[in-house]
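Survey of secondary and tertiary structure
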Amino acid sequence: MRILITGGGGREHALAVKLAENSRVERIFCAPGNGATAIMDKCENIEASDIESLAEFAFSHSIDLTIPGAEDLLVQGIVDLFESKNLPIFGPHKEAAQLEGSKSFAKDFMKKYGIRTAEYETFTSAIKALSYLEHAQIPIVVKADGLAAGKGVIICQSRDEAVKAVHNIMINNCFGEAGSSVVLEEYLEGYEASILSVFDGNTITPFISAKDHKKIGEGETGLNTGGMGVIAPNPYVTESVYEDFLKNISDRTVVGLKAENLIFSGIIFFGLMITEKGVYLLEYNLRMGDPETQAVLPLLESDLLDIIEKAGKGHLSMDDLKWSGNCSCAVVQASGGYPLSYEKGYEIRGIEKDQLVYISGAQFSEGKLITSGGRVLTVVGTAQTAEEAKKEAYRLMDKITFKDQYYRKDIGTIE
Ligand code: AMP
Ligand code: GLY
């Protein structure tokens, strides 16, 4: 089989590693890929980036399966385009991708199908949003409706902050078109959890849970990032939390997807908040998480290609997903200064063969891995307990060095 993966982060590297384990997989093309996929066995990087040129590539290179890594191409309709050309692809159609691409679409869907979520109001007029804020409960969460590279959610601790956020989004257009409407949402307190799952058009089959650490600083302080580390399973996802998730979120999502005819085979990633009042759905993503994927895939014993193929036929069940029973800890190493400005072009040393190290922001040049992005790599430890997995991740991390490197030392510490 010949597989095409779009994207170039640690998530895509982890997907390529897992898929390459299958002996039926002959070649994996990554568009654009990174310094690791450039040199991995069976793997090759290509330049195509827009959905039309990716479709041309898939056609001319007889690609048997395409897996979009990130959300942007899904929202642009890569799945609809590929299907119109009979090119097999794993992911949601453009309309279903709106569950990630538009917060108001997602919230209206949740409300319509009784999926437990924070109270909210959507506004297309800044004046109405500002007048609503005069009497709204504080803290409040201000969300740009569209995709804003993970920056469109602002937690406001005061009315002034909320007014400023609405101004920036709707009047100053700081996120462009993505901010032409806003969702103002009830603030929820609790513990966050990520549950990835596969939707096969009939049922949702969840993966083991994960816990992302989104802030740049230790003790969850400072700016938001794409994710600085993950542990899996998530210690807060107890059996009763999981039951609550199935009953009030996942099962109702299936009902909604079918009723709205949003049928596809692909990933649904649930961003959850576990509160005293039960589990709430903060958001859907319609693709794997980064760095959740790097933490979760090493614990999956079943073959990923088999899972995707079964989902494509609408026959996936829990029995198809075997987990090792271990825990994992994934720690992201970033360029100093990230998520603001940072230097790049530094050589990475200390990565040894057969270690669970996934590259995101690095290119391969003249026999060396050279940093090229904010989040540079993810190191993963796996072990029987979370504590040992964490030790293993940091033992590996201590050996990997580049100039100005930064990583959090508290990934896996439970608050
Ligand atoms: P989202 O892009 O919707 O996942 O939001 C990004 C982050 O903002 C989440 O991971 C949460 O940490 C936080 N967040 C989003 N919505 C809420 C909410 N209603 N209450 C509290 N925190 C939230
Ligand atoms: N780690 C969160 C995300 O991938 O959106």
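Here, every reference points to the structure presented above.
Here's what I pulled together on the structure shown here.

What counts as what
- Residues numbered from 1 in each chain as written.
- Chains lettered and ligands numbered in written order.
- Predicted model: local features only at pLDDT ≥ 70, side-chain atom pairs only at ≥ 80, totals over all residues.
- Heavy atoms only, no water.
- Pairing = 2+ DSSP bridges.
- Helix = DSSP H or I, 4+ residues; strand = E, 2+ residues; numbered from the N terminus.
- Buried < 20%, exposed > 50% of the residue type's maximum accessible area, 1.4 Å probe, protein only.
- Contact = heavy atoms within 4.5 Å.
- Near = heavy atom within 4 Å.
- Areas by Shrake-Rupley, 256 points an atom, 1.4 Å probe, with all protein chains shown as cover.
- Nonpolar A, V, L, I, M, F, W, Y, C, P; charged D, E, K, R; others polar.
- Polar contact = N/O pair within 3.5 Å; in protein donor to acceptor, adjacent residues only side chain to side chain.
- Axes fitted to C-alpha atoms, helices over the stretch in contact; angles between N-to-C directions.
- Parallel < 35°, antiparallel > 145°, perpendicular 65-115°, else oblique.
- Phe/Tyr/Trp six-rings, centres within 6.5 Å; stacked < 30°, edge-to-face > 60°.

Points about the sheet that holds strand 19 (residues 362-365)
On the basis of which strands lie adjacent, the open sheet formed by 3 strands has the order 17-20-19 and antiparallel pairing. This sheet does not close on itself; its edge strands, each paired only once, are strand 17 (347-348) and strand 19. Alignment of strand 17 against strand 20 (residues 368-371), held across 2 bridges, turns out to be antiparallel. Among the inter-strand pairings, Ile348 is bridged to a residue of strand 20, identified as Leu369.

What to know about the environment of Val331
Locating Val331 in the fold gives a position in strand 16 (residues 327-335). On the accessibility criterion, Val331 (0% relative accessible area) is buried. Dropping the residues within four chain positions of it, Val331 is found in contact with Met228, Gly229, Leu377, Thr378, Val379, Ala393, Tyr394, Met397, Tyr407, Arg408 and Ile411.

Considerations on the site of ligand 1
Surveying the vicinity of ligand 1 reveals 14 residues, the closest of which are Glu185, Leu188, Glu192, Lys214 and Glu283. Taking 470 Å² as the accessible area of ligand 1 by itself, protein coverage stands at 88%. Put simply, the parts of the chain that give the shell around ligand 1 at least two residues each are strand 6 (140-144), strand 7 (153-156), strand 8 (182-186) and strand 15 (278-285). Its residues placed into classes, the shell around ligand 1 shows 7 nonpolar, no polar and 7 charged.

Quick notes on the site of ligand 2
The environment of ligand 2 is made up of Asp212, Gly226, Phe269, Asn285, Arg287, Gly289, Asp290, Pro291 and Glu292. Within the side chain of Arg287, a nitrogen or oxygen atom sits 2.9 Å from an oxygen atom of ligand 2. For ligand 2, whose accessible area on its own is 200 Å², the fraction buried by protein is 87%. Residues belonging to the shell around ligand 2 are distributed by class as follows: 2 nonpolar, 3 polar and 4 charged.

Quick notes on unusual backbone geometry
Here the bond from Ala232 into Pro233 is cis, since omega is -10°, no more than 30 degrees from zero. When you line up the elements, Pro233 lands in the loop between strand 13 (229-232) and helix 9 (239-259). The backbone of Asn173 shows a phi angle near 55°, a positive value even though the residue is not glycine. Residue position: Asn173 is located in the loop between helix 8 (159-171) and strand 8. In this structure, Asp404 is a non-glycine residue whose phi angle is positive, near 65°. Inspection of the secondary structure assignment puts Asp404 in the loop between helix 12 (386-399) and strand 22 (405-406). Exposure remark for Asp404: the relative accessible area of 40% places this residue in the partly exposed category.

Concerning the packing of helix 5 (residues 94-101) against helix 6 (residues 103-112)
Remark: helix 5 packs on helix 6, axes separated minimally by 6 Å, with the N-to-C direction vectors making an angle of 95°. Relative to helix 6, helix 5 is oriented roughly perpendicular. Here helix 5 contributes Glu95, Gln98, Leu99 and Gly101 to the contact with helix 6, which in turn contributes Lys103, Phe105, Ala106 and Phe109. Considering only residue class, the contact of helix 5 with helix 6 consists of 4 nonpolar, 2 polar and 2 charged.

A closer look at the pairing of strand 6
Counting buried residues along strand 6, 5 of its 5 residues qualify, which places the element largely inside the surrounding structure. Residue alternation in strand 6 divides its side chains into two sets, Ile140, Val142 and Ala144 and Val141 and Lys143, and both sets are buried. The pairing of strand 6 with strand 7 spans 4 bridges and is antiparallel. The partner of Val142 across the bridge, within strand 7, is Ile154. When strand 6 meets strand 8, the two strands line up antiparallel, connected through 5 bridges. Among the inter-strand pairings, Val141 is bridged to a residue of strand 8, identified as Glu185.

Here's the deal with the packing of aromatic side chains
Scanning the entire structure with this criterion turns up 12 aromatic pairs. Ring geometry for Phe109 versus Tyr113: centroids 5.3 Å apart, planes at 50°, classification tilted. A relative accessible area of 17% places Tyr113 in the buried class. Aromatic side chains Phe199 and Phe264 sit 5.1 Å apart centroid to centroid with 70° between the ring planes, which places their arrangement in the edge-to-face category. Taken together, the residues span a long stretch of sequence, with Phe199 in strand 9 (residues 191-199) and Phe264 in the loop between helix 9 and strand 14 (266-275) at a distance of 65 residues.

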